[in-house]
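# Overview (structure and organization)
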Amino acid sequence: MVQLVGSLRKELHDTLSTCKVLVVGAGGIGCELLKNLVLTGFKNIEVIDLDTIDVSNLNRQFLFQKKHVGKSKAQVAKESVLQFCPTVNITAYHDSIMNPDYNVEFFRNFMLVMNALDNRAARNHVNRMCLAADIPLIESGTAGYLGQVTVIKKGLTECYECQPKPTQKTFPGCTIRNTPSEPIHCIVWAKYLFNQLFGEEDADQEVSPDTADPEAAWNPEDTAARATASENDGDIKRVSTKDWARSTGYDAVKLFHKVEYPDAMYLSALLFKDDIMYLLTMDKLWKTRKAPTPLVWQHPQELSAGSGLKDQQVLGVWGLCQLFQHSVETLRSQLQEMGEGAELVWDKDDPPAMDFVTAAANLRMHIFSMNTKSRFDVKSMAGNIIPAIATTNAVIAGLIVLEGLKILSGELESCRTIFLNKCPNLRKKLLVPCILDPPIANCYVCASKPEVMVKLNVHKTTVLSLQDRILKERFGMVAPDVQIEDGKGTILISSEEGETETNNSKFLADFGIRNGSRLQVDDFLQDYTLLVNVLHTEELERDVEFEVVGEAPDKAPSPQTTPEEVNSVTNGNKDSAQPSTSSKAPAEDDDIMIVDSEEENEGASSSTAAATSGTKRKHSDAETGETSTKRPRTDQSSAAAAPTDDDDDDDIITLD
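Residues numbered from 1 in each chain as written. Predicted model: local features only at pLDDT ≥ 70, side-chain atom pairs only at ≥ 80, totals over all residues. Heavy atoms only, no water.

The name an unreviewed UniProt entry assigns to the chain is SUMO-activating enzyme subunit 2, from the organism Cyclopterus lumpus. In its Subcellular location (unreviewed entry) section, the UniProt record describing the chain reads: "Nucleus". (UniProt positions renumbered as here; feature names shortened; annotations may be inferred.)

Now the structure itself:
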């Protein structure tokens with residue numbers, strides 16, 4: 001006869017009392033998950049989160065109260081959960097999971113790891129650490145009414161990176177600077193402008209007209225005189241946007257007009273009048289588009305504000321001008337208080353920064369004949385937010401615990417990927433389970449010998465770009481070491497501080513790297529080795545630095561895996577990984593990743609179509625809200641698959 005302790009078998013109850021589990025993230029899902037774990041009977045829990053509590057978290061993260069604003073999420077979550085069960089052993093870390101202190105040996109202390117994250121970099125990292133430590137990982141995410149839970153186990157299931165994730169949606173510079181056609185273009189422009197005026201200037205975030213726009217095909221020397229902003233010639237040096245803004249005393253009207261500066265085509269400042277007039281001289285841009293209309297501060301067209309809550313009102317042009325002026329004055333005061341050389345960092349939860357982007361973006365929308373947006377809408381797009389729903393988080397947190405109980409019961413084969421849908425499927429189910437897929441044979445993370453081919457121009461790609469843009473940003477490494485397979489073992493990049501910094505500005509070709517060269521890349525923190533094959537090309541599209549070739553498999557791999565293959569796994573061997581010497585660990589948000597999303601207007605008919613075809617829903621990414629194709633697979637024991645996602649035109653992603 002089976003012995004029960006509460007609702008659990010005695011053996012399972014005893015396991016929960018002795019096992020140690022790690023929760024990564026103490027936000028929307030993390031709060032619900034910690035509460036569930038304690039009430040289920042888990043006695044040894046460690047939780048890590050780098051974030052602090054913001055007032056915007058309080059509507060769905062119920063372990064926090066107003067008095068906790070500004071405090072560590074992990075620490076306050078621990079204190080709140082202990083009120084449910086004071087005898088539980090909980091360790092809280094106010095830190096990034098990507099800190100080198102949390103190496104493979106740290107992960108091997110746990111029987112189970114549960115992710116409650118909202119950014120891809122941290123998810124990639126935890127995925128690799130669990131593979132290296134050979135520890136089961138439960139991955140999860142929500143977006144509005146949608147949610148997903150899946151189990152990852154080395155050698156048995158797909159890892160988080162088996163399916164390629166779309167890169168963060170970006171827009172060509174000429175679209176942002178010359179021809180915005182969607183509100184998101186204006187919002188991105190306004191965020192760039194904030195950095196140009198108040199933050200860290202970035203040459204890639206230019207906001208002035210792009211005279212190199214290939215579509216314009218004009219000669220600036222012939223038409224520059226036609227722009228009012230450039231009527232007077234003068235020997236004026238090019239200066240930074242911030243220096244120019246300071247020289248005006250951050251005068252809102254001068255920033256708005258920029259009428260007194262004949263070098264307007266070279267300055268990057270608010271472009272509501274002069275630079276708009278300059279854009280009008282690029283005749284070819286407006287043959288098939290409606291031309292923008294310059295604004296004049298003294299005579300704005302009055303538009304009525306909408307009714308309702310303040311953040312949901314759509315301001316008229318004059319209201320936007322006033323909001324712009326007030327935000328500039330406030331931000332200027334903040335800079336002055338911080339002292340010489342200070343820089344502000346844009347934050348969606350900082351009212352003056354949000355007001356500035358709201359005003360600047362909406363004024364630009366009006367200039368380019370778009371419908372303006374409320375502050376709430378701008379914040380949603382600028383902060384890459386899909387509004388979080390507490391009930392969705394609660395459902396997903398419950399499913400995480402249920403999958404965890406299967407793993408701890410030794411029933412990994414019964415684990416499922418579970419989708420929470422917005423609308424019921426044909427069988428009137430909102431929760432749709434799918435069997436776990438086996439690993440992808442050529443995954444560049446969990447394959448026995450991870451290998452990729454990268455197409456780039458060796459004469460234009462610097463060592464620093466290889467390190468930051470390709471290895472860290474694209475392939476998710478924390479502190480890569482790179483050795484050229486040239487028979488000499490040339491060290492191109494070292495994670496030891498200062499060892500190879502002199503190489504950063506040099507081009508790959510300077511080290512003899514050419515078409516067909518091979519680079520061995522090691523990240524000792526992640527216990528991860530990747531072989532990079534270089535494919536030289538001079539035919540990359542404009543603004544494209546590199547391409548990863550052949551990373552998306554067309555066919556499913558063979559399910560058979562030989563013992564030799566299992567034993568030869570490079571990533572996750574039994575040797576202890578040494579912590580990286582890099583002191584830089586990317587910041588980690590805690591709310592949630594989104595693994596899935598579906599088209600907002602899809603109804604039951606979409607679910608019906610998907611159910612008929614037996615196609616698993618496409619996975620999407622929290623940074624983009626976009627999808628990567630999953631191969632068809634039918635769950636013999638479940639209803640059917642979930643509907644497919646949409647392409648998120650507004651580049652909106654999720655917090656929870």
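## Considering the nonpolar core
Counting residues in hydrophobic clusters, the biggest one holds 56 residues, and the most contacted among them are Ile97, Phe107 and Leu471. The element contributing the most residues to this core is helix α5 (residues 120-133), with seven residues. Judged by nonpolar contacts, the second largest core, of 47 residues, contains Phe198, Met282, Leu295 and Val328. (Core = buried A, V, L, I, M, F, W, Y, C linked by side-chain atoms within 4.5 Å. Buried < 20%, exposed > 50% of the residue type's maximum accessible area, 1.4 Å probe, protein only. Helix = DSSP H or I, 4+ residues; strand = E, 2+ residues; numbered from the N terminus.)

## Topic: the pattern of salt bridges
Considering all chains together, one arrives at 17 salt bridges under this definition. For Glu46, the salt bridge goes to Lys20, with nearest N and O atoms at 3.6 Å. A residue pair is termed long-range when its members are at least 10 positions apart, and Glu46 in strand β4 (residues 44-48) and Lys20 in strand β3 (residues 20-24) qualify at 26 residues. What emerges from the salt-bridge pattern is a single network uniting Asp311, Asp355 and Arg375. (Salt bridge = Lys/Arg side-chain N within 4 Å of Asp/Glu carboxyl O.)

## Considering the environment of Asp377
With respect to the element layout, Asp377 can be found in helix α14 (residues 375-382). Take Asp377: its relative accessible area is 31%, and that puts it in the partly exposed class. In this structure the C-alpha to C-alpha distance between Asp377 and Gln313, which are 64 residues apart in sequence, comes to 9.8 Å.

## Observations concerning the side chain of Thr157
Tracing the chain through its elements places Thr157 in the loop between β8 (146-152) and α6 (173-177). Among the residues examined, Thr157 registers a relative accessible area of 6% and is labelled buried. At 2.8 Å, the side chain of Thr157 and the backbone nitrogen of Lys153 are in polar contact. In contact with Thr157, not counting residues within four places along its chain, are Val151, Ile152, Leu436, Asp437, Pro438 and Pro439. (Polar contact = N/O pair within 3.5 Å; in protein donor to acceptor, adjacent residues only side chain to side chain. Contact = heavy atoms within 4.5 Å.)

## Quick word on the pairing of strand β9 (residues 416-420)
The buried count for β9 comes to five of five residues, which makes it a mostly enclosed element. Going residue by residue along β9, you find Arg416, Ile418 and Leu420 tucked away on one face and Thr417 and Phe419 tucked away on the opposite face as well. Note that β8 and β9 share three bridges and pair antiparallel. Along β9, the bridge assignment pairs Gly147 with Leu420. (Pairing = 2+ DSSP bridges.)

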